[in-house]
Structures are given as C-alpha cells and as structure tokens.
Amino acid sequence: MSGPLRLTGTPASGGYAEGPIFCMDNDAASYLSKGSDAAEAAALKTAIAAASEQLAALAATTTGEATDMLEFQLAMLADDSLSAAAFDAIKAGTPADKAWSAALAGEIAGYEAAEDEYFRARAADLKDILQQVLDVLTSAGNRAPPPGAILFGEDITPTRFLATDWSAGGGIALAKGSSASHVAMLARSRGVPMIVGLGSAAREIAGLALLDAEHGGIVLQPTSGDIETFRKFSTAYGERSRRAEEGVMKPAMTKNGVPVRVLINVADPVDLDRIDIKSCDGVGLMRTEFLFSKVTGLPDEEAQYRAYRKVLEWAADKPVTIRTIDAGGDKPVPGFTVEEGNPFLGLRGIRLALARPDVFSAQARALLRAAVHGNLKVMFPMVAVHEEYARATALFAEEAKKLAAAGEPYAMPPLGIMVEVPSVAIAPELFSDVAFFSIGSNDLTQYVMAAARDNTAVATLNSATHPAVLRLIADVTEFGRQHHIPVSLCGDAGGDAAAIPLLLKAGLRDVSVVPAQLALAKAAIAGVTV
Amino acid sequence: MSATAMAQVEITHAVGLHARPSVKFTKLAKTFTANIELALAAEGPWIDAKSIVKVMAARAPMGTVLHLRASGEGAESAVTALVALVERDFDEAAEGEAHVRTA
C-alpha cells in the first residue's frame, strides 16, 4: 500500500458515503470445479434454483415495469430449454460456469441478431440472467456486500441495485456507467450516492473508501486527515439537506424577497406517489417517453389519455407542462426511432414526431382530451426552425377539429417550445408567436459546447454555466420579458446549487428540477440576492 | 381419452408475441396437462407452447397467424383458452389501465 488512492468521476446521485469497498467485478473469477460431471450438473441446477428464488423475492418488492422485467427473467429461468445446451456441454466435460456462459451466449447472440428491435432489446435481460446464475455459481451471490458498503465495478445492473439493501447507507462507484442510466435514476430517487466514469484504477481496489458524490471523487485507503475533511463535508451536506427538507413546503424566495417558482420534472407518473403537490409550483416538464418504452409497444391514445389525466388531476390546478414524445438521441424507442450514426444530430424530438404523424396525432388527441382535466401546457422538443412549430400546431388544430366534429370534450392548451437547439436560443425573435419557452439546459449545453452528454471523456466541457451558455439563457429570458412570453428552465442546471445563482442573475424566475433536488434548489435560491 | 384440437388465430398485438405476452401465453399453456404446440405456418415447424424460450425464439410479429394444436386431456379447452388470450390482445389494454391506476 502506497498511500491513498484518489479517483475522480462524475456525480450521478448526490451525497456522501464512508464504508468498505465491495468489488462487484471480482465475482466471476472464483469458480471452483466440482470434480465430476454429475457434481457440475448439480451445481448448475442449484444455482439456477437459487437465482430464481432471488428473482422471485425481488419481484415481490417491486411494481410496474421493474416487475414485468423480473417476471420475464423468472419465466425464462424456469424453462428447461434455456439450460438444456448447458447440461449437454457439462456431460461432454465442460465445467458448469463455462457451460452456462456458452449456452446463454448463444441465446444472447440470437436476440442481438434479431431484425425486430423489441426482440433485440431483450438481449439485456438474457445478460442479466446469465450474470445472476454465474454469481451464485461462483458464490458471488453469497458474497452479499456488507452493510454500508460502496459497490465498485465497471457498471451495475438494475437487478443488482434493486437487490441491494441500502438501509445502512453505502454508495456506488463505477469505472464506466452513465448519470443518465436507469440505475442512476433509481439511485437518485432512493438517495443512494453514486459516481460514474471513474476510469480504471492502476491498482487493486480494496479497504475503506470515502465516496464524495457531491463533487465526484473517491478516496481509497484514506489518511486520517482525509477522513476528517470528508466527515466535515459530509456533515455539512447532511445539515444542508435537512434544512432544505424543512424548507421544502415553503414557496421559494431569494434572500432579498424575490419569488421564484420551482416546479418538478416528472419522468414517470410512478414518481408522483412520493411527492406532495404542495411542495412545488407544478410540473415544469413531464416526459412522455416512459409511455413509449414499454415492452408492450407504442401506447394507444387511451393509455396516453389516462396517464396525462392522472398527472393533471394529481397537480390539482397547478400548471403541468407535458412534452410531446422526445425520442431519439440517447433515448431510443423500439419501433419508432431509427438507427443513425450520429443520433444527437439526427432524427429526434419534433423531427421524428413530424416524420411519424400516425404516432404524433394519437398523442395530440390524448393531450387535447386530457386538457379539460387541469391546467395543461404542451411543449415541443428539439425545435430548430419555425416551420416545425407551425406544423406541430397545425396538427394539434387538425386533431382538435376532428374531436369537435365527433363531439368529444377537449381543450386547446398553450403550445410552447423547448429552447435547446442553439438556432432558437440565438434568434428567439423568429418564434415570437409561441405560447412559452422552456430552456432545456442539458441539450442546449451539449450543442453549444459540442460535448455529448453521455461521453465522460468530454464531461468537463459539458458545463451549463459556461459564459456562452449563460449568455444564451439570458438573451432568451430577456426576449421573453420584452414580449411577454413566459420563459422557464427544465434542465439539470435548475437543480444545481452552483448554477442557481447564475441562472437567477440571467433573469430566470421559473425553474423545474427533479423531485430529489427540490429541497436543495429552494435552499440554494434562498441564499441568492438578485 | 386422446383428444386433439387445432386452431388458428392472428396476433393483433402491436409488438407481436413479445416478452410480456409470451409470459402470459406460456403460463396459461402450462395450466393444461395436454401437450400443446404452436407454429407460424401450417406445415410447421411445431414448437412447445409451454416453453417461453422457444416461444420467444419464434419471434412472431404482429399480423402473424398462429397455428395451435393440442393433444391429450383437455386439448379442446386448452386451445380455446389460448386463442381467446391472443384475441383479447393478451389483456394488455386492461393491464395498461391497472398500471396507470397503481402508478
């Protein structure tokens, strides 16, 4: 041991954790041969049964899509056809771990080669199944992380996250991974600190670790000085969070008494169960991709109508801004998006919606019908030129006419646009007829800085507080003020304590943040004088 | 007692016989003791309708005409029940509603 090892990465879920490192990737290395074919076969049989039991136990604790995923995995695992090839190989002298891996690799390759995207996407489930049985075989499954451990590895599967007991604290540190991943979202909603993009370590990772997921660093084999500093930061963060939670029910206001509206971003209506509508000023961004990413395919008008109506009724009469389908880029939707070499600059957002009027008009009808149940606004993502806005509003008008003719109740909501393509931010005057602007700071930043959001190698360039990005935000806000067009911001910057003072100075008075950041955003606003 | 039954049904579900529909289909098939097989064409190949691995491997998209055949005890009711499930779109519409309500 030669002193502390310090690694830096990108925070994916804020917070601090101090505990023993638990290496997830050492798992596969420790399979011990059982000596005979019969014993190998018995070991695989036992491992499959144990993995099934774990999955069933896990399924009992989840709801919605997570349950569907687990039930599918469970059914696959219960089918002897899945393991038949592995048992044949064992008879021919292959050890159980290799036989199982090879059998599943064959299945996975079959799914990956499928023409249909729905089937291709199931390869991930098969990989998850492969790993779970392998974990039991190599007794990695018995090697549950100790309470409060920091899980370290290349990446982490959703089942592993769900199966881990986080009640005693702990955290996640990943060599790769992404802050936009499903696991990162789960970590934020459960308050589990997580860092991604740490890169490969030069030496063995073991012992006590200090995980600082507020700034994005981890220290292994820390000195007593490291521990002291860490605990100071950790305590301060804890205090800040507690104070913020106390203030969360109060309306946000700057130090000098300027009110700021803080709304929430909703990715899935499931999230709403944990939120009190009184703690926020409405929904600034409701994504609709969750409806489109189910294994059951594209949603029909009725399913959408029910989902939108539910959110509007939950919000009482507070505003709810629903964004029309924003697929493409880093959000592929099987059966809808197309494969492209450079998806962030391709057919995504409104471009794709306009290219698929069948899908888009069903969504428009669902929104028009839901609009009678609350204070709805609708916004279009990735608008670059005015013609896109004109075509989208025309499509809404057309569907409204059809609903009127059919005698169906509906209402036309205000129709606004996202400001995320630089062309809109530079020349907002070309959009003086929109009902509102909502600045999507994540995409605006990646396009202004030419730094992909999902690429950790250029993460430092991807800063929403770069003067160029802030200037565009200030320009759009000022244009809106002069022309009485409401301007809000719904990117991650709105919930970032370091960015909030700069956003308020740029003139913004409406921000929308993920629910987990609501309290800290309000606390940060209270510290700013504008 | 070796009854046999055959039927054809078109898959109208938007993504075909995919993960969740396959789970439901094979679960229902397994509640019958009859030997049940399915094929995507009248001439086969016929596969075990109780095996989700094989049903998924058939990759039956929307619009596929599913051929079902069963033999043994309860063959007739097995085929009737499975055809009804496919015709009901695997109860996905009702499922979706339940999903939203619990959400």
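Residues numbered from 1 in each chain as written. Chains lettered and ligands numbered in written order. Predicted model: local features only at pLDDT ≥ 70, side-chain atom pairs only at ≥ 80, totals over all residues.

The name given to chain B in an unreviewed UniProt entry is Phosphocarrier protein HPr, with the source organism recorded as Neomesorhizobium albiziae.

Looking at an unreviewed UniProt entry, chain A carries the name Phosphoenolpyruvate-protein phosphotransferase, with the source organism given as Neomesorhizobium albiziae. UniProt, in its Cofactor (unreviewed entry) section for chain A, records the words "Mg(2+)". (UniProt positions renumbered as here; feature names shortened; annotations may be inferred.)

Asker: For the overall build of chain A, give the residues involved together with the corresponding values.
Answerer: Per the secondary structure count, chain A includes 19 helices and 16 strands. In chain A, the proportion of contacts linking residues at least 24 apart, taken out of those at least 6 apart, comes to 68%. (Helix = DSSP H or I, 4+ residues; strand = E, 2+ residues; numbered from the N terminus. Contact = placed C-beta atoms within 7 Å.)

Asker: Could you give an account of the sheet that holds strand β4 (residues 150–153) of chain A, naming the residues involved and the relevant values?
Answerer: Residue and element names in this part refer to chain A. The mixed open sheet is built from eight strands, whose spatial order is β1-β8-β7-β3-β4-β5-β6-β2. The sheet terminates laterally at β1 (5–8) and β2 (10–13), the two strands that pair on one side only. The average angle at which neighbouring strand axes cross in this sheet is 25°, direction not considered. Both strand β5 (residues 171–174) and strand β6 (residues 194–196) contribute to a ladder of two bridges, which runs parallel. Looking at the pairing, alanine 173 lines up with isoleucine 195 of β6. (Pairing = 2+ DSSP bridges. Axes fitted to C-alpha atoms, helices over the stretch in contact; angles between N-to-C directions.)

Asker: Now, about the confidence of the model for chain B: what can you tell me, with residues and values included?
Answerer: When pLDDT is low, close inspection of the predicted coordinates is not appropriate. Residue and element names in this part refer to chain B. When the pLDDT values of chain B are averaged, the result is 80; 85% of them are 70 or greater. Scored below 50 in pLDDT, residues 94–103 makes eleven contacts in the model with residues more than four places away or belonging to other chains. Reported confidences for the modelled complex are a pTM of 0.59 and an ipTM of 0.83. (pLDDT = per-residue confidence, 0-100.)

Asker: Can you lay out helix α14 (residues 386–406) of chain A for me, pointing to particular residues and giving the numbers?
Answerer: For α14 of chain A, with 21 residues, the first-to-last C-alpha span of 31 Å sits near the 30 Å given by 1.5 Å per residue. Directly after α14 of chain A, the chain includes glycine 407 of chain A, whose backbone phi takes a positive value near 75°. (Expected span 1.5 Å × (residues − 1).)

Asker: Give me the sheet that holds strand β2 (residues 35–39) of chain B: which residues, what numbers.
Answerer: Residues and elements named next belong to chain B. Pairing within the open sheet is antiparallel, and its four strands lie in the order β1-β4-β2-β3. Each having just a single partner strand, β1 (4–10) and β3 (47–48) make up the two edges of the open sheet. Two elements, β2 and β3, share two bridges in a ladder whose sense is antiparallel. The residue bridging leucine 38 from the neighbouring strand is isoleucine 47, located in β3.

Asker: So what's going on with unusual backbone geometry? Which residues, and what values?
Answerer: Cis geometry is adopted by the peptide bond preceding proline 45 of chain B, which originates at glycine 44 of chain B and carries an omega value of 0°. Within the secondary structure, proline 45 of chain B is located in the loop between β2 and β3. Backbone geometry places glutamine 221 of chain A, a non-glycine residue, at a positive phi of 45°. Position of glutamine 221 of chain A among the secondary structure elements: in the loop between β8 (217–220) and α9 (224–247). Phi at aspartate 89 of chain B takes a positive value of approximately 55°, unusual for a residue other than glycine. Structurally, aspartate 89 of chain B is set in the loop between α3 (75–87) and α4 (92–102).

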